[in-house]
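# What the coordinates show
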Amino acid sequence: MYFFRTITVNPSIPERISRLKELSYNLWFSWNPEALELFERINNQKWREMQHNPVKFLLHVCHEDLEKVANDSDYLTLYDKVMADLDNYMGSETWFKSKYSNLADKPIAYFSAEFGLHESLPIYSGGLGVLAGDHCKAASDIGLPLVGIGLLYKQGYFTQQINREGWQEALYPYQNYNEMPVKPTLDAEGKEIIIPVDLPGRTVYLKVWEIQVGRIKIYLMDADITMNNEHDRQLTAQLYGGDKDTRISQEMLLGIGGVKTLRKLEINPVVWHINEGHAAFLCIERLRELVQSGIPLNTAKEAIRSSTLFTTHTPVPAGHDVFDGDKVDYYLNGYYSMLGVDRNGFLNFGWDSQRNSFNMTVLAMNFAAYCNGVSKLHGEVTRKMFRYLYDHIPVEEVPVFSVTNGIHTLTWISKEFRNLLNTYLGPEWISNISDPSQWQAVDNIPDQELWHSHKELKKKAFQFIRETLRKQKDRNQESAENIFEIKEYLNPDAFTIGFARRFATYKRATLLFRDRERLARLLTDPERPVQIIFAGKAHPADRPGQELIKQVYDISQQEPFRGKIIFIENYDMNVARHMLQGVDMWLNTPRWPMEASGTSGMKAAANGVLNCSVLDGWWPEAYHEDNGFAIGKDTGYRTEEEQDNDDAYHLYSLLEDKIIPTYYKQREGYPPDWIRMMKSCIKTIAPQFSTERMVKEYTERFYIEAAQRGMQFYADHFQVAAEIQDFKRYIKENWHHVAVKLVNANGIKEKELKVGDQLDLAAEVYLGPIKPEDVAVEVVHGCEGDHTLVGIKATPLQLEGPRGEGSYHYRGGFKLDQGTCGFTVRIRPDHPLFATKFELPLASWAQNF
Ligand SMILES: *Cc1c(COP(=O)(O)O)cnc(C)c1O
């Protein structure tokens, strides 16, 4: 290696349009089609060559083109409008500021290993990253004081190329930050910010960068600087790359480096949101800060918990990040002495007894008073998965909640549909996306107009897909006939199915290929032709995933599927946008219940593309008969084989009997029943499954409470945190005394019970040294399930008085629901400052009565 200095030579942008540069660095452009048009109109060809990256575009576009538009009055009108819109956006009143003005300057830190904001920033791999990006965009829209923290990956996530044999090749093109919408973060003196993080035997230095996303900032850390040795410079090269050593190092840089970055910038968050376990080491660094400033460990832990929210995204145990004890020892033993704990003490912060290893999800759960999954079903799956951490409480009451994912509507909706909504809902629809009532006006869009816009998008998508295929085949030096043939591919009048996602095996991309003859009959029907477009990357280490890609590719080359099944390479946000705006139906076939949420179907739905999906992830919450299609049953099966067969055959008949006939029942070139479903789909899905709804929900259910609790816990030198920790310790030490001694529910026997009757009972409990105000005694009732209660409700019993020697009388009752009901009495610790009912997951249950 030899040394050279880099300088970036900026084009001279004519004064009249000089704010283009500012615009190119604010990701606000990514959800404003007119802003994008400003760049595109300068030089359409160059704009595509530069992959819609405005920073790169402005560096490469020639001066004459800029001069030309600077003298074009039409262009200047648009320019002035976009700049006015931007200023208006940046300065306008927001939902959050008007509602929670006292918290408007209290930051919420949002840590994520990936952020999917735009194709010009390839620092995301898939759904998790896009969700994080959409979360930040919505936070900006509603005025939430959120700051993002992540890593800047020199090689990003890989670029996928499909070779002539149909194998995926992973490319890591060099990312030139000078040509991306990121800027180095500077301190007050205009100097770059460098953050030190200790790894075994050395210090790794991180340079801090920032991205402007509307009103908010995301700070990204990068180890690729000359202060680090060659090995360490590679630590942030790839997203999810490398072995366990790279993974733990990277996660330390993210979690520990992230906290240090915020401190350096003098940003003091009141809420810390951990988006997936990768970032959970932030808890350890916050713990170190407090312990080294003299706060006792357990008090510090309570303070951290009070202000931390953790969102888990992984419904399969194998998907959670774990490290063995020795790895933790090697990388984190420096923390043992700083925290004053021994090896076991530290490992206990994240020990997963089932997998016998240190689990980042468990670490996050231990340090976050609030924890959620990303759909109702995923919440349920997560509660089941981690119930072993909560011995004493029913699975239903495991303190993991759910906030169903959403999408940043303006990022994903096509310009054409946005215009339709502007016309028929009124232009103000964009400032209140999550309000379902305004979406009723979708019914007023004339059928022909809706269909016309949809057809236009279809044509646009097909053109893009053919172009992509041509480039791929050119590169692979395929024959001239093969390349020539592409122009016959994809008929805009044919029913078109889209399937694009990560090629993980559980997503079952090839489910439709189970019965090839039946599939062939479907695709080659001359009256009612069908075509399918596939896209998706498999993780470079996931061989079975790559084999699935090859299978799809192979089929796409064979008669009679050639030209009717298409695989296009390099699924990214750009490919996603084209596909999900331009197909008729979006197919989703995960093996139930392994899809945490899924969001691409929400993007499709906002564009009137009907979902056909297994009832997994978000779909059970959205689906009804008129807004899409459901495959299979929403339950498990005995074997995967059985489930795959059942779902495949159900999917074939759904297509044959319902979907295709509905689509092709056309009148004067448009299908009225299909269009009715499209409207129902937009109306019912777009408001509910938006990040506007989602981020408001996070705010109202968690952020506000965590901010207030956190401030309370930290105040007066951690007095409340210390109290809570004393309380928890005292309760834990004395809990073995606690017992329900007697339950008297004799009332039941004396009369026939009817719905709505009150069931009265009395209980005698023993609390020993624990005071009655420190517990809740409640009757727990619900329907009878398989050795459990389901649909659990808990009704408090009232203290009647002491019976002496640590025993107490309680009395109360509940109203009976119809059916077989079960009930019992339990005691659990209770404190007004508990975040959730099972902040301290202990309970003592009646034995027998
Ligand atoms: C939305 C999106 C995803 C996530 O979609 P799923 O429904 O979870 O598969 C993945 N990759 C890209 C590029 C996306 O835009």
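Our structure is the block above this text.
Residues numbered from 1 in each chain as written. Predicted model: local features only at pLDDT ≥ 70, side-chain atom pairs only at ≥ 80, totals over all residues. Heavy atoms only, no water.

Once that is clear, we can look at the packing of helix α19 (residues 447–475) against helix α23 (residues 573–582). Running from amino to carboxyl end, α19 crosses α23 at an angle of 140 degrees, the nearest separation of the two axes being 8 Å. Between α19 and α23, the interaxial angle falls into the category oblique. The way α19 lies across α23 gives a crossing that is left-handed. Seen from α19, the contacting residues are Leu 457, Lys 458, Lys 460, Ala 461, Phe 462, Phe 464 and Ile 465; seen from α23, they are Asn 574, Val 575, His 578, Met 579, Gln 581 and Gly 582. Residues that form the contact of α19 with α23 fall into these classes: seven nonpolar, four polar and two charged. (Axes fitted to C-alpha atoms, helices over the stretch in contact; angles between N-to-C directions. Helix = DSSP H or I, 4+ residues; strand = E, 2+ residues; numbered from the N terminus. Parallel < 35°, antiparallel > 145°, perpendicular 65-115°, else oblique. Left-handed = near helix turned anticlockwise from the far one by under 90°. Contact = heavy atoms within 4.5 Å. Nonpolar A, V, L, I, M, F, W, Y, C, P; charged D, E, K, R; others polar.)

Our next topic: the site of the ligand. If you check the shell around the ligand, you find 14 residues, and the closest are Gly 127, Trp 412, Thr 599, Ser 600 and Lys 603. Between the ligand and the protein, one listed contact pairs an oxygen atom with a side-chain N or O atom of Ser 600 at 2.6 Å. A distance of 2.6 Å separates an oxygen atom of the ligand from a polar atom in the side chain of Lys 603. Contact with the protein chains covers 95% of the free accessible surface of the ligand, which is 380 Å². Those elements giving two or more residues to the shell around the ligand turn out to be α8 (127–142), α23 and α24 (600–606). Each residue belonging to the shell around the ligand can be placed in one class, and the counts come to five nonpolar, five polar and four charged. (Near = heavy atom within 4 Å. Polar contact = N/O pair within 3.5 Å; in protein donor to acceptor, adjacent residues only side chain to side chain. Areas by Shrake-Rupley, 256 points an atom, 1.4 Å probe, with all protein chains shown as cover.)

For strand β22 (residues 739–744) and strand β23 (residues 758–766), the ladder comprises five bridges, and the chain directions are antiparallel. Along β23, the bridge assignment pairs Ala 739 with Tyr 766. (Pairing = 2+ DSSP bridges.)

This part takes up the pattern of salt bridges. In total, this model carries 67 salt bridges according to the counting rule given. A salt bridge links Arg 247 to Glu 251, with the nearest nitrogen and oxygen atoms 3.7 Å apart. With Arg 247 and Glu 251 both in helix α10 (residues 244–264), this residue pair falls four residues apart, about one helical turn. Look at Arg 247 and you get buried, because its relative accessible area is 12%. Given the relative accessible area of 1%, Glu 251 is considered buried. Residue Arg 826 pairs with Glu 778 through a salt bridge whose shortest N-O separation is 2.7 Å. One end of the pair, Arg 826, is in strand β28 (residues 821–829); the other, Glu 778, is in strand β24 (residues 775–784), and 48 residues separate them in sequence. (Salt bridge = Lys/Arg side-chain N within 4 Å of Asp/Glu carboxyl O. Buried < 20%, exposed > 50% of the residue type's maximum accessible area, 1.4 Å probe, protein only.)

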